[in-house]
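A look at the structure
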Amino acid sequence: MGINFRKETFRDDFTFRNSPENIRRFPFPYHEDAYMYSVNIEPHVPGPKNSVFEHLIDVDEHYVSEMQDRAMVLAEDPLRCQSLPHMTLAGWDLLELLMTEMAKGYPEHFTLTRDGDRWRWINRPLGIDDTFTFGDVSTLPYGPMEYITRQSQGDFAILDQRDGNLWMDAGMVTTQADWSLDFDIGMNFFEWHAPVPLAHEMGVFTRALKFLTNIQQGQPARRLNWTMTINPRLDTSPENFHKWGSDRLTVTPENVGQKVHLRVELQTFFRLPRSNALVFPIRCYLLKMDELVTVPKWARRFHRVLRDLPVELAEYKGLTRYRQTTVEWLSKYDDGAPTSPGFSPE
Amino acid sequence: MKTILSRPVYGTLSPQAGKSHLLIADAEGASAILDLAKKAPEDFFANAHIMFIPGRTGDSFQNALKALKPAQYYEGPSVAAALPRLTWVLANAHMGLRMYLAGTEGLIGQMMQAALEAGIDPASIQTEHRGSWARRMQCVHCKGITENVTTQPATCSHCGLLLLVRDHYSKRHAAFQGVCINAEDPTEIPQKEEIFR
């Protein structure tokens, strides 16, 4: 049984929504009733069936529509996909990782056949059947990173490792939570995180860098991050902020359930074998407030997290304009009962 | 001064051991070269090339710089005008070149960018900030560069949006990032304040 891919939009009429099964597998990011920064990295090992961790690379019901949205963003602004000249080998590494994992996890949708360097890739949901020579850029319609990330959900940053640091030297970034690849490309780990408040003083980035530079091949890691988005808009780029920023003023007590979304990033980290680069897939999951409150524990907990969030964090995440309205709406779903520890729905 | 980690840290120029010396300054940056000269060995300027963009300081520094008797002296109207010469000099440079950049962040950033593109080792480049804190800003929306930004917020000279001038800095663009300040509510027009002097 394959995935039933939804036909939906992440712009204009915003027809995106989650099926009831997809709500249950949402990666809810709070293990307790409060949130503060932490490094919170754990091994990225396959998880329970019907969770987003079931396979190392997750494909879900939004796949086809997300790829169509990405193609629209790239047509408008090709600078969302960039790779510095020394990163081509890492692009091939990434192509291998994604094709291998997608074919392994979803054989009914993807097939990879390798005959030496001659590879055949079949992507049934997107109607692609290409044969190419691994390592030969001229045999693909795009560079290897762009080719495969036009067929993979989530943003991708490829980090070169040198001088004990990580450098943002390539990426495909069309569903970002407000950062610009074009501005940040070429920066090191501390530089591209420079605008994040509080965390530097807490030593979060020093510890995270130490952990990341030590990631070994075959031992990927993961963490969750979160923000909120008004309307199920994937492209919340700074480039287009002047076009979507005013969405934040449109929240009323009547439309919170449909307009306000919890936006969770599943960030994973894989060491790439040939280039020794790290790839950092940043997968975005959206959940409407109406969908979130179908899980009573999540409704209680998210109400408490949002209500008690430090002001600096709310400001940095851009929640200030609609936080109070959303907290009041959520309070109807919080009877004060205790919540069980851990992320799970019960 | 409060700063963030993407922004370069500037030092104080001092004479380095090297075969040749390329000193580039704009406006008050000239005074950093003059201060370096007080500590320099006698034959230092015999192998030196000074490139100077006077900007707002007009005629105040030229005579003093020329009195150092550099092997080559250049004066230009703008960074853009000086860049082809710099590119030529760097393309023909030999091992043992030392670079000294002094003045505004815009000058230091753009000259640094050209030097790194030419393959100069960053360890052989010294920088010192002098003079104006005016910023070179890239509009994240239209990608246009606005030079000499002194106000917060600032208007993009290309697309006209009112931008918050962030502290976030890209060495690759040699620019600070400007992001629309009233995107949430375009009817809010914050007062401009002259803060980057």
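Here the structure is a predicted model, which means the values were calculated and not measured.

So, on to unusual backbone geometry. Trans is the prevailing form of peptide bonds, just as negative phi is the prevailing case for residues other than glycine. With an omega of -10 degrees, the peptide bond running from Q152 of chain B to P153 of chain B counts as cis. Topologically, P153 of chain B is positioned in the loop between β8 (151–152) and β9 (154–155). Residue N231 of chain A is not a glycine yet carries a positive backbone phi of 70 degrees. Tracing the chain through its elements places N231 of chain A in the loop between β8 (221–230) and α8 (241–244). N231 of chain A gets classed as buried once you look at its relative accessible area, which sits at 8%. You will see that N148 of chain B, though not glycine, has its phi angle at about 55 degrees, which is positive. Structurally, N148 of chain B can be placed in strand β7 (residues 145–149). Among the residues examined, N148 of chain B registers a relative accessible area of 59% and is labelled exposed.

This next bit is on the sheet that holds strand β10 (residues 162–170) of chain B. Residues and elements named next belong to chain B. Spatially, β7-β6-β11-β10-β9 is the arrangement adopted by the five strands of the open sheet, whose pairing is mixed. Across the chains shown, the open sheet's two edge strands, defined by having one partner strand only, are β7 and β9. The pairing of strand β6 (residues 135–139) with strand β11 (residues 175–180) spans three bridges and is parallel. Note on β11: the bridge partner recorded for Q138 is Q177.

The next point concerns the packing of aromatic side chains. Summed over all chains, the structure comprises 27 aromatic pairs over all chains. Measuring from ring centre to ring centre gives 4.8 Å for F269 of chain A and F280 of chain A, while their planes differ by 25 degrees; the resulting arrangement is stacked. Placement of the pair is F269 of chain A in strand β9 (residues 260–271) and F280 of chain A in strand β10 (residues 278–288), with a sequence separation of eleven residues. For F280 of chain A, a relative accessible area of 9% corresponds to the buried category. The interplanar angle of 70 degrees and the centroid separation of 5.9 Å between the aromatic rings of F44 of chain B and Y100 of chain B together place this pair among those described as edge-to-face. In this pair, F44 of chain B is assigned in the loop between α1 (29–39) and β2 (48–53) and Y100 of chain B in strand β4 (residues 97–103), connecting sequence segments 56 residues apart. Y100 of chain B carries the same exposure label as F44 of chain B, and that label is buried. Through successive ring pairs, a cluster of aromatic residues spans F26, F28, Y30, Y35, W226, W298 and F302 of chain A. In this arrangement the basic side chain of R222 of chain A is found over the ring face of F53 of chain A, its NZ or CZ atom lying 3.9 Å from the centre. For R135 of chain B, the ring lying beneath its charged end belongs to F176 of chain B, and the centroid distance is 4.0 Å.

All names here are of chain B. In terms of domain boundaries, chain B breaks down into domain 1 (20–129) and domain 2 (135–194). Its C-alpha centre places domain 1 at a distance of 29 Å from the equivalent point of domain 2. Each side of the interface is counted separately: domain 1 has five residues, and domain 2 has eight residues. Area buried by domain 1 at its contact with domain 2 is led by E105, Q110 and Q113, which between them contribute 74% of it. Applying the counting criterion to the domain 1 and domain 2 interface returns two residue pairs in polar contact (both at pLDDT 80 or more).

Okay, the confidence of the model for chain B next. Mean pLDDT over chain B: 95, with 99% of residues reaching 70 or higher. With pTM at 0.92, the complex prediction returns an ipTM value of 0.87.

Our next topic: the packing of helix α3 (residues 79–91) of chain B against helix α4 (residues 105–117) of chain B. When two helices pack together, their arrangement is given by the angle between the helix axes and by the axis-to-axis distance. Residue and element names in this part refer to chain B. With their axes 10 Å apart at the nearest point, α3 and α4 run at an angle of 30 degrees to one another. When the axis of α3 is compared with that of α4, the two are roughly parallel. Relative to α4, the crossing made by α3 is right-handed. Each of V79, A82, L83, L86 and L90 in α3 lies in contact with α4, whose residues at this interface are L107, Q110, M111, A114 and A115. Of the residues contributing to the contact of α3 with α4, the split by class is nine nonpolar, one polar and no charged.

Okay, the pattern of salt bridges next. When charged atoms on two side chains of opposite charge get close, those side chains can pair. Residue and element names in this part refer to chain A. On inspection of all chains with the given rule, the structure shows 37 salt bridges over all chains. As a salt-bridge pair, E54 and K49 come within 3.5 Å of each other at their nearest N and O atoms. We note a salt bridge from R283 to D58, for which the minimum N-O separation is 3.6 Å. Of this pair, R283 sits in strand β10 while D58 sits in the loop between β1 (42–43) and α2 (63–76), and the two are 225 residues apart along the sequence.

Attention now goes to the state of the cysteines. Residues and elements named next belong to chain B. Applying the stated rule across the entire model yields zero disulfides over all chains. C139 takes part in no disulfide bond, and the closest cysteine sulfur to it belongs to C159, at a distance of 3.8 Å. We note that C159 lacks a disulfide partner, and the nearest cysteine sulfur, in C156, lies 3.7 Å from it. With relative accessibility at 36%, the residue C159 sits in the partly exposed group.

As a further point, take the packing of helix α11 (residues 296–308) of chain A against helix α13 (residues 320–331) of chain A. Residues and elements named next belong to chain A. Relative to each other, α11 and α13 sit at 150 degrees, their axes nearing to 9 Å. Classified by the interaxial angle, the pair formed by α11 and α13 is roughly antiparallel. In the packing of α11 onto α13, the handedness of the crossing is left-handed. Within the contact between the two elements, α11 uses F302, H303, L306, R307 and D308 and α13 uses R323, T326, V327, L330 and S331.

What counts and what doesn't
- Residues numbered from 1 in each chain as written.
- Chains lettered and ligands numbered in written order.
- Predicted model: local features only at pLDDT ≥ 70, side-chain atom pairs only at ≥ 80, totals over all residues.
- Heavy atoms only, no water.
- Helix = DSSP H or I, 4+ residues; strand = E, 2+ residues; numbered from the N terminus.
- Buried < 20%, exposed > 50% of the residue type's maximum accessible area, 1.4 Å probe, protein only.
- Pairing = 2+ DSSP bridges.
- Phe/Tyr/Trp six-rings, centres within 6.5 Å; stacked < 30°, edge-to-face > 60°.
- Lys NZ or Arg CZ within 6 Å of the ring centre and 35° of its normal.
- Domains from an automatic or database assignment.
- Contact = heavy atoms within 4.5 Å.
- Buried area = accessible area lost by both parts, 1.4 Å probe.
- Polar contact = N/O pair within 3.5 Å; in protein donor to acceptor, adjacent residues only side chain to side chain.
- pLDDT = per-residue confidence, 0-100.
- Axes fitted to C-alpha atoms, helices over the stretch in contact; angles between N-to-C directions.
- Parallel < 35°, antiparallel > 145°, perpendicular 65-115°, else oblique.
- Left-handed = near helix turned anticlockwise from the far one by under 90°.
- Nonpolar A, V, L, I, M, F, W, Y, C, P; charged D, E, K, R; others polar.
- Salt bridge = Lys/Arg side-chain N within 4 Å of Asp/Glu carboxyl O.
- Disulfide = S-S within 2.5 Å.

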